[in-house]
Amino acid sequence: AAGLCPSRALLACRRGALQALCGSVRGLAAGPKMHFGFQTVTEEERREKIYQVFESVAKKYDVMNDSMTLGIHRVWKDILMRKMNPCPGTLLLDVAGGTGDIAFRFINYVRSVRERQLQQKLKHQQNLSWQEIAESYQDNKFKSLGDSQVVVCDINKEMLKVGKQKAQHLGYTEGLSWVLGNAEELPFDDDKFDVYTIAFGIRNVTRIDLALQEAYRVLKPGGRFLCLEFSHVSNPLLSRLYDLYSFHVIPVLGEVIAGDWKSYQYLVESIRRFPVQEELKAMIEDAGFFKVDYQNLNLGIVAIHSGFKL
């Protein structure tokens, strides 16, 4: 019996090593660990959980944005559009823009530019007849975007559904299309778009590096990347107040308005896990973009990062 003990011990040791190896293989198969808010999950789990979050909040997404930011998100998106300053003929890809906020602003902005251009043109042609002026306005009515187009791409079917319903209700039809697609593997050709935007979406992408590489790929040479996202506040006092509001008010609003505490708890936590401004800038440069900079809004509560494909 004493002679058998070492063999048993050896077998037990080998069995333990095999179990540890199997566990390691299972861990590798599940993928690297990442953050879902303050939780640690696998890449696949994170992707699935984020999909469920936005599927859950889609119908109340706009109402909650107004409630959480006191309506200031509208100003931030307007600033993004002014920074873009699109001209007629611009082809825009708006990623993670399912509810259409950026797309509708783009259409309004280009229409406004076209209107000003037409007025300037007519002002310098004083000899036109009333009929010629009327015809010019009629042509502009049917070509108000001047060949501009915006493609909204979102991975979540429910968010796209809400966006399409809003577009129909608000009368946006011209120059607008909706595509179901993943920011990490965009279903578009290389060198296709003039501008790429992603507003309050990049922090919910599973692999930010892949999303940035895809943004670079689909942009034309000379194309512009613009990212509007919650960021990090440098002022200590404001940061403390912001944390109090974020963790103690926003989840309550989520429960009261959308009946969903957990999803809004995640959204708050995801902001805290998101890279700081300089770190995101470095990631954008690593993807190949040039002239990368950022503009803090409201002392860094949000930031707009910009870069060019040269």
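Rules behind the numbers
- Residues numbered from 1 in each chain as written.
- Predicted model: local features only at pLDDT ≥ 70, side-chain atom pairs only at ≥ 80, totals over all residues.
- Heavy atoms only, no water.
- Axes fitted to C-alpha atoms, helices over the stretch in contact; angles between N-to-C directions.
- Helix = DSSP H or I, 4+ residues; strand = E, 2+ residues; numbered from the N terminus.
- Parallel < 35°, antiparallel > 145°, perpendicular 65-115°, else oblique.
- Left-handed = near helix turned anticlockwise from the far one by under 90°.
- Contact = heavy atoms within 4.5 Å.
- Nonpolar A, V, L, I, M, F, W, Y, C, P; charged D, E, K, R; others polar.
- pLDDT = per-residue confidence, 0-100.
- Patch = residues over 30% accessible without salt bridge, like charges linked within 9 Å, V, L, I, M, F, W, Y side chains within 5 Å.
- Areas by Shrake-Rupley, 256 points an atom, 1.4 Å probe, with all protein chains shown as cover.
- Salt bridge = Lys/Arg side-chain N within 4 Å of Asp/Glu carboxyl O.
- Phe/Tyr/Trp six-rings, centres within 6.5 Å; stacked < 30°, edge-to-face > 60°.
- Buried < 20%, exposed > 50% of the residue type's maximum accessible area, 1.4 Å probe, protein only.
- Lys NZ or Arg CZ within 6 Å of the ring centre and 35° of its normal.
- Pairing = 2+ DSSP bridges.
- Right-handed = clockwise from strand over helix to strand, strands pointing away.
- Core = buried A, V, L, I, M, F, W, Y, C linked by side-chain atoms within 4.5 Å.

A.B. asks: I tried to follow the packing of helix α2 (residues 43-57) against helix α11 (residues 261-273) on my own but got confused; where do I start?
C.D. replies: Packed helices, taken two at a time, are described by the angle their axes make and the gap between the axes. Relative to each other, α2 and α11 sit at 120 degrees, their axes nearing to 10 Å. Considering the angle they form, α2 stands oblique to α11. The handedness of the crossing between α2 and α11 comes out as left-handed. Across from R46, I50, V53, F54, S56 and V57 in α2, the residues of α11 making contact are S263, Y264, Y266 and L267. Of the residues contributing to the contact of α2 with α11, the split by class is seven nonpolar, two polar and one charged.

A.B. asks: What am I meant to see in the confidence of the model for the protein chain here?
C.D. replies: Low pLDDT means the predicted atomic positions in that stretch should not be read closely. Of the residues in the protein chain, 80% have a pLDDT of 70 or more, and the chain-wide mean is 83. Contacts of residues 1-12 to residues separated by more than four positions or lying in other chains number zero contacts, the stretch itself having pLDDT below 50.

A.B. asks: Explanation requested: the environment of F106 in the structure shown.
C.D. replies: Checked against the element boundaries, F106 lands in helix α5 (residues 101-123). Taking the C-alpha atoms as reference points, F106 and Q149, 43 residues apart in sequence, are found 9.0 Å from one another. Once residues within four sequence positions are removed from consideration, F106 is found in contact with M81, M84, P86, T90, L92, S148, Q149 and V150.

A.B. asks: Could you clarify how one ought to interpret the environment of L92 in this entry?
C.D. replies: Position of L92 relative to the elements: it lies in strand β3 (residues 91-95). The spacing of L92 and A103 is 11 residues in sequence and 8.4 Å in space, taken between C-alpha atoms.

A.B. asks: What am I meant to see in a nonpolar patch on the surface here?
C.D. replies: Judged by side-chain polarity, L70, I72 and V75 come together as a nonpolar surface patch covering roughly 280 Å² of accessible area. With respect to the helices and strands, I72 occurs in helix α4 (residues 72-84).

A.B. asks: When you look at the packing of aromatic side chains in this model, what are you seeing that I'm missing?
C.D. replies: Here the distance between the centres and the angle between the planes together describe a pair of aromatic rings. A complete count under the given rule lists eight aromatic pairs for this structure. Note on F225 and F289: the rings are 5.2 Å apart at their centroids and 35 degrees apart in plane angle, and the pair reads as tilted. Linking F225 in strand β7 (residues 219-230) with F289 in the loop between α12 (277-286) and β8 (290-297), this pair joins segments that are 64 residues apart in sequence. With respect to burial, F225 and F289 carry one shared label: buried. Ring pairing ties together the aromatic residues Y196, Y216, F225 and F289, which thus form one cluster. We note R272 situated over the ring of Y242; from NZ or CZ to the ring centre the distance is 4.8 Å.

A.B. asks: In this structure, what is going on with the sheet that holds strand β6 (residues 193-199)? I would like to understand it.
C.D. replies: Strand pairing in a sheet relies on backbone hydrogen bonds. The paired strands run either parallel or antiparallel. The strand order β5-β4-β3-β6-β7-β9-β8 describes an open sheet built from seven strands, whose pairing is mixed. In this open sheet, the two edge strands, each paired with only one partner strand, are β5 (176-180) and β8. Each neighbouring strand pair of the sheet contributes to a mean axis angle of 15 degrees, computed without reference to strand direction. Relative to β7, β6 is paired through six bridges, and the arrangement is parallel. Bridging across to β7, I198 finds its partner in C227.

A.B. asks: What is the right way to look at the pairing of strand β4 (residues 149-154) in this model?
C.D. replies: Working note: regular strand, side chains alternate between the two faces of the sheet. With respect to burial, β4 is a largely interior element, five of its six residues being buried. Looking at chain direction, β3 and β4 are connected through five bridges and run parallel. Opposite L93, over in β4, you have V151 as the bridge partner. For the handedness criterion, the β-α-β arrangement of β4, helix α7 (residues 157-170) and β5 is classed as right-handed.

A.B. asks: Looking at this structure, I do not really get the nonpolar core. What am I missing?
C.D. replies: It is characteristic of soluble globular proteins that their nonpolar side chains tend to be buried jointly. Core analysis: the biggest nonpolar cluster contains 48 residues, and L176 and L228 have the highest contact counts within it. Among the elements that make up this core, the one with the highest residue count is α5 (six residues). For L228, the contacting residues outside a window of four places in its chain are W76, K77, L80, I198, A199, F200, L297, V302, A303 and I304. One finds L91, V151, A183 and I198 within the second-largest nonpolar core, a separate group that totals 27 residues.

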